[in-house]
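Structural description and commentary
Letter by letter, the chains look like this.
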Amino acid sequence: MSKLKFGIAGCGVISKTHATAISTLSSDAELVAVCDVIEDRARKLAQDFGVKKIYTDYEKMLLDPEIDVVSICTPSGMHADIAVLAADSKKHVIVEKPMDITLSKADRIIEAQNRNKVVISIISQHRYSDCMQLLKRLMNEGKFGNIVLATSYTKWYRSQEYYDSGSWRGTWNLDGGGALMNQSIHYIDMIQWIIGKVVEVYAYCTTRAHKRIEVEDGAVAAVKFENGAIGEILGTTSAYPGFETRLEIFGENGSAIVVNTQLESLYFKDGSEKEYLESYKKEDKGPVGASSAAIKEEGHVRQYRDVINAIKTGTKPLIPAEEGRHPVEIILAIYLSSLTGKPIKLPLRSDEEVLKEIEKIKGKGF
C-alpha cells in the first residue's frame, strides 16, 4: 500500500501536533487537506505544513476521494458527527480525546467503525510511552500481586483567558466537562487500562477558580475496581502555576510511581525491579501542566504509526473506538455521583440520568 493520505478536521491548537505526527511519518503518510469553519485557521495550518487543499465545510472534505484517513481535532461535542460521516464515507478515523462527550455519541462511533469495517482510533498517546507499556506488562505478569491502592492525579492550571479563548470551552454542549473530561482524561484512561475496570465511584466536583464556565475546575473521586482494589482520581485546572500528573500503584508485592509519564519509582519485594529498570529509558517529560500547544509529539507519532500499521495489515490498533469509551464512562459516572450525592455503579445503563442532572446546572457551574 502506498502512502496514506490524511485530512485534518479542526485547525485549533492541537491540530499542529497531529500535522507534525503525520509529517514525521512521511514515508507512510501525507497531509493533503485541512478543514476549519474559520478559514484563516485552516489557511494558517495549511501554510505551515505545505497543504494545498483547504476546506471550510467538513462534509465536503469527507467527500474528497483522495483522503484515506480523517483526523478529528474539533471541539469534543462535534467528534461523533464527523467521525460517523467519515466512516460512512469509508475513511479511517483518528479522534482526539475524548471520543465525544456522551455514551450515546461514543456508541455511534463504535457502531460506525463496525458497520463500515474501518479503523477508528481514539487519541490516548500516553499508552504508547515506554513507561506505561512497562507498567501494563508488569501488571499482566502479576508482578505487583493483589493491587491495594491506585491513584491518578492531574493538577494543572488553565487561566481564565484559556476558557475565554473559545466560546465552546467550559461548556457542557461542546466541551462536555472541565478538568476531568478535557485534561485528566489521559490519566483516567491510564489507571483503568493498567489496573482494570472501575465498578463504582463516589465523587465531589466543584467550580471555584474560574468564571463564565459551566463545568468543574476541581474534582476528586473515590473509586473501586473490579479486581477489588480501591483508588482515587483527582483533577483540577486551578493548581497555579501547574504541577505534575501522577499515577501511583501499590500492591502486595510492589509499588510504582509515575510522574509526567516517566517512571520515578519501582520496587518489588523480591528485588527484581533492577532488571526492568536497566532496560527502561527515561523519556522527555515535557513541560509540567502542559498546555495543548506544548504537548510533545512523540506519543502522537507512535499512535499514528500504530494506526497506519493497523490499516495496512487489516488488524486492530492498540486503541480502537471501544477503548475510548471507557474513560468517558468513568468521568460521566463521577459527574453523576457529584450531582446526586450518591455512589454510582458502573457500567452506566445510559446517558439519560447524567444528562438530566447536568441540565440542572448548565450556566451555573458545580
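With an unreviewed UniProt entry as reference, the chain is termed Oxidoreductase domain protein, source organism Caldicellulosiruptor acetigenus 6A.

This paragraph deals with the overall build of the chain. Scanning the chain for helices and strands turns up twelve helices and 14 strands. The C-alpha radius of gyration computed for the chain amounts to 20 Å, which stays within 12% of the reference 21 Å derived for 366 residues, consistent with globular compactness. In terms of principal-axis extent, the alpha carbons of the chain reach across some 55 × 50 × 40 Å. For the chain, with 366 residues in total, the buried portion stands at 58%. Just so you have it, the chain exposes about 15,800 Å², and 50% of that area is on carbon and sulfur atoms. Separation between the mean location of the 47 positive side-chain charges and that of the 50 negative ones in the chain comes to 1 Å.

Let's shift gears to the pairing of strand β9 (residues 218–225). Regular strands show a simple pattern: their side chains alternate between the two faces of the sheet. Pairing of strand β8 (residues 198–206) with β9 involves eight bridges; the strand directions are antiparallel. Counted as the bridge partner of Glu200 is Lys224 from β9. Sheet topology places β9 next to strand β10 (residues 230–236); seven bridges connect them, and they run antiparallel. Bridge pairing links Ala219 to Gly235 in β10. Adjacent in sequence and paired antiparallel, β9 and β10 are bridged by four residues, among which Gly228 carries a positive phi angle near 100 degrees.

What follows deals with the pairing of strand β4 (residues 69–72). Residues Val69 and Ser71 line one face of β4 and the alternating positions Val70 and Ile72 line the opposite face, and both faces are buried. Taken together, the four bridges between strand β1 (residues 4–9) and β4 define a ladder with parallel strand orientation. Among the inter-strand pairings, Ile8 is bridged to a residue of β4, identified as Ser71. One ladder, built from four bridges, connects β4 with strand β5 (residues 92–95); its direction is parallel. Counted as the bridge partner of Val69 is His92 from β5. Following the backbone out of β4, through helix α4 (residues 79–88) and into the adjacent parallel β5, one traces a crossover that is right-handed.

A few words on the packing of aromatic side chains. Tallying each qualifying case throughout the model produces nine aromatic pairs. Consider the rings of Phe144 and Phe268, whose centres lie 5.3 Å apart with planes at 55 degrees: the pair is tilted. A residue pair is termed long-range when its members are at least 10 positions apart, and Phe144 in the loop between α6 (130–140) and β7 (147–155) and Phe268 in strand β13 (residues 262–268) qualify at 124 residues. Residue Phe144 is classed as buried on the basis of its relative accessible area, which comes to 0%. Note on Phe268: relative accessible area 6%, which makes it buried. Considering the side-chain rings of Trp172 and Tyr335, the 5.2 Å spacing of their centres and the 85 degrees angle between planes classify their relative orientation as edge-to-face. With a gap of 163 residues between them, Trp172 in the loop between α7 (160–164) and α8 (179–195) and Tyr335 in helix α11 (residues 321–340) connect regions that are remote in the sequence. When its relative accessible area of 0% is taken as the criterion, Tyr335 is described as buried. The structure contains a cluster of three or more aromatic residues connected by ring pairs, namely Phe144, Phe268 and Tyr276. The cationic tip of Lys143 hangs over the ring face of Phe268; the distance from NZ or CZ to the ring centre is 4.9 Å. For the cation-ring pair, Lys155 lies above Tyr153, with the distance from its terminal atom to the ring centre recorded as 5.1 Å.

About the thresholds
- Residues numbered from 1 in each chain as written.
- Predicted model: local features only at pLDDT ≥ 70, side-chain atom pairs only at ≥ 80, totals over all residues.
- Heavy atoms only, no water.
- Helix = DSSP H or I, 4+ residues; strand = E, 2+ residues; numbered from the N terminus.
- Rg over C-alpha atoms; globule rule 2.2 N^0.38 Å.
- Buried < 20%, exposed > 50% of the residue type's maximum accessible area, 1.4 Å probe, protein only.
- Areas by Shrake-Rupley, 256 points an atom, 1.4 Å probe, with all protein chains shown as cover.
- Lys, Arg positive; Asp, Glu negative; His and termini not counted.
- Charge placed at Lys NZ, Arg CZ, Asp CG, Glu CD.
- Pairing = 2+ DSSP bridges.
- Right-handed = clockwise from strand over helix to strand, strands pointing away.
- Phe/Tyr/Trp six-rings, centres within 6.5 Å; stacked < 30°, edge-to-face > 60°.
- Lys NZ or Arg CZ within 6 Å of the ring centre and 35° of its normal.

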